[in-house]
Amino acid sequence: MLIKILIGIALIVAIFVVVVALQPSDFRIERTTTIAAPADAVFAQVNDFHKWEAWSPYDKIDPALKRTYSGAPAGVGAIYEWVGNKQVGEGKATITDSRPNELVQIQLDFLKPFAATNIAEFSLAPQGGQTAITWSMTGHNNFMFKAVGLFMNMDKMVGGQFEQGLAQLKTLVESAPAS
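**Student:** What is the right way to look at the nonpolar core in this model?
**Tutor:** Here is a general trend for soluble globular proteins: nonpolar side chains tend to be buried in one another's company. With 31 residues, the main nonpolar core has F49, I106, F122, I133 and L169 as its most contacted residues. Only β1 (26-35), α2 (39-46), β3 (78-83), β4 (90-99), β5 (103-112), β6 (116-127), β7 (130-140) and α5 (154-175) provide two or more residues apiece to this core. At 5 residues, α5 tops the list of elements feeding residues into this core.

Encoded structure:
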């Protein structure tokens, strides 16, 4: 009887490993909104890490978040490091590409709770007096992240945080006095 139980457990583990291995290796999460402001006003907020505290959803998750800024003051070479609670973790963000009123690309190096490197992008598309902005994140799923993805909808969870951040960014930029 014990052998049958062990064989059953081994079979379940083997099926689980196969199902996890068949999950996609890469991911992309993105959300878009339209802000009633010119692209330069939106770009100014996402191209400068010092301004993120006003709209980033992650600052709301951990109000005691510790921040360090280094490198360029904004744009390519700007670096933002954070240490927060277990929901926010610890990591480093570096702006690797910055095209005025068009794109801000960021390398995200997560250290805690899990090590990972992802790419975040803010793509801007001027539409008359408005700006469509897309916040996306791409990366690679290792075996552990594939397994977690079976039980947690990462697109919904992270995408929900992107939606919150974009809504806060929209409110901030639209309520700012026109320059």
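Read on, since the account is not over.
**Student:** Sorry if this is basic, but what is going on with α5 here?
**Tutor:** At 3.6 residues per turn, the α-helix brings residues three or four places apart onto the same side. Over its 22 residues, α5 runs 31 Å from end to end, which matches the ideal 32 Å to within 8%, given 1.5 Å per residue. For α5, the complete set of buried residues consists of V158, G159, G160, Q161, F162, G165, L166, L169 and V173.

**Student:** Honestly, the side chain of T131 in this entry has me stumped. Any pointers?
**Tutor:** In this fold, T131 is placed in strand β7. Within polar-contact distance, the side chain of T131 engages the backbone oxygen of A37 at 2.7 Å. Each residue touching T131, except ones within four places of it in the same chain, is listed here: T33, T34, I35, A37, P38, A39, V42, L124, A125 and P126.

**Student:** Help me understand the packing of aromatic side chains, please; the structure alone is not making it clear to me.
**Tutor:** The description of two aromatic rings rests on the distance between their centres and on the angle between their planes. Summed over the entire model, instances satisfying the criterion amount to 11 aromatic pairs. A centroid spacing of 5.1 Å and a plane angle of 70° characterise the contact between F49 and W52, whose relative ring orientation is edge-to-face. Each member of the pair, F49 as well as W52, carries the same accessibility label: buried. Where Y69 meets Y80, the ring centres are 5.5 Å apart and the plane angle is 25°; that geometry is what we call stacked. Of the two residues, Y69 sits in strand β2 (residues 66-71) while Y80 sits in strand β3, which places them 11 residues apart along the sequence. Judged by relative accessible area, Y69 falls into the partly exposed class, the value being 29%. Taken together, the ring pairs connect F49, W52, W55, Y69, Y80, W82, F110, F122, W135 and F162 into an aromatic cluster.

**Student:** Could you clarify how one ought to interpret the sheet that holds β7 in this entry?
**Tutor:** Either a parallel or an antiparallel arrangement is found when strands of a sheet pair, and the pairing is made through backbone hydrogen bonds. With respect to topology, 7 strands assemble into an open sheet ordered β1-β7-β6-β5-β4-β3-β2, the strand pairing being antiparallel. In this open sheet, the two strands that pair with only one neighbour each are β1 and β2. For this sheet, the mean inter-axis angle between neighbouring strands, taken without regard to orientation, is 20°. Pairing of β1 with β7 involves 10 bridges; the strand directions are antiparallel.

Definitions and cut-offs
- Residues numbered from 1 in each chain as written.
- Predicted model: local features only at pLDDT ≥ 70, side-chain atom pairs only at ≥ 80, totals over all residues.
- Heavy atoms only, no water.
- Core = buried A, V, L, I, M, F, W, Y, C linked by side-chain atoms within 4.5 Å.
- Buried < 20%, exposed > 50% of the residue type's maximum accessible area, 1.4 Å probe, protein only.
- Helix = DSSP H or I, 4+ residues; strand = E, 2+ residues; numbered from the N terminus.
- Expected span 1.5 Å × (residues − 1).
- Polar contact = N/O pair within 3.5 Å; in protein donor to acceptor, adjacent residues only side chain to side chain.
- Contact = heavy atoms within 4.5 Å.
- Phe/Tyr/Trp six-rings, centres within 6.5 Å; stacked < 30°, edge-to-face > 60°.
- Pairing = 2+ DSSP bridges.
- Axes fitted to C-alpha atoms, helices over the stretch in contact; angles between N-to-C directions.

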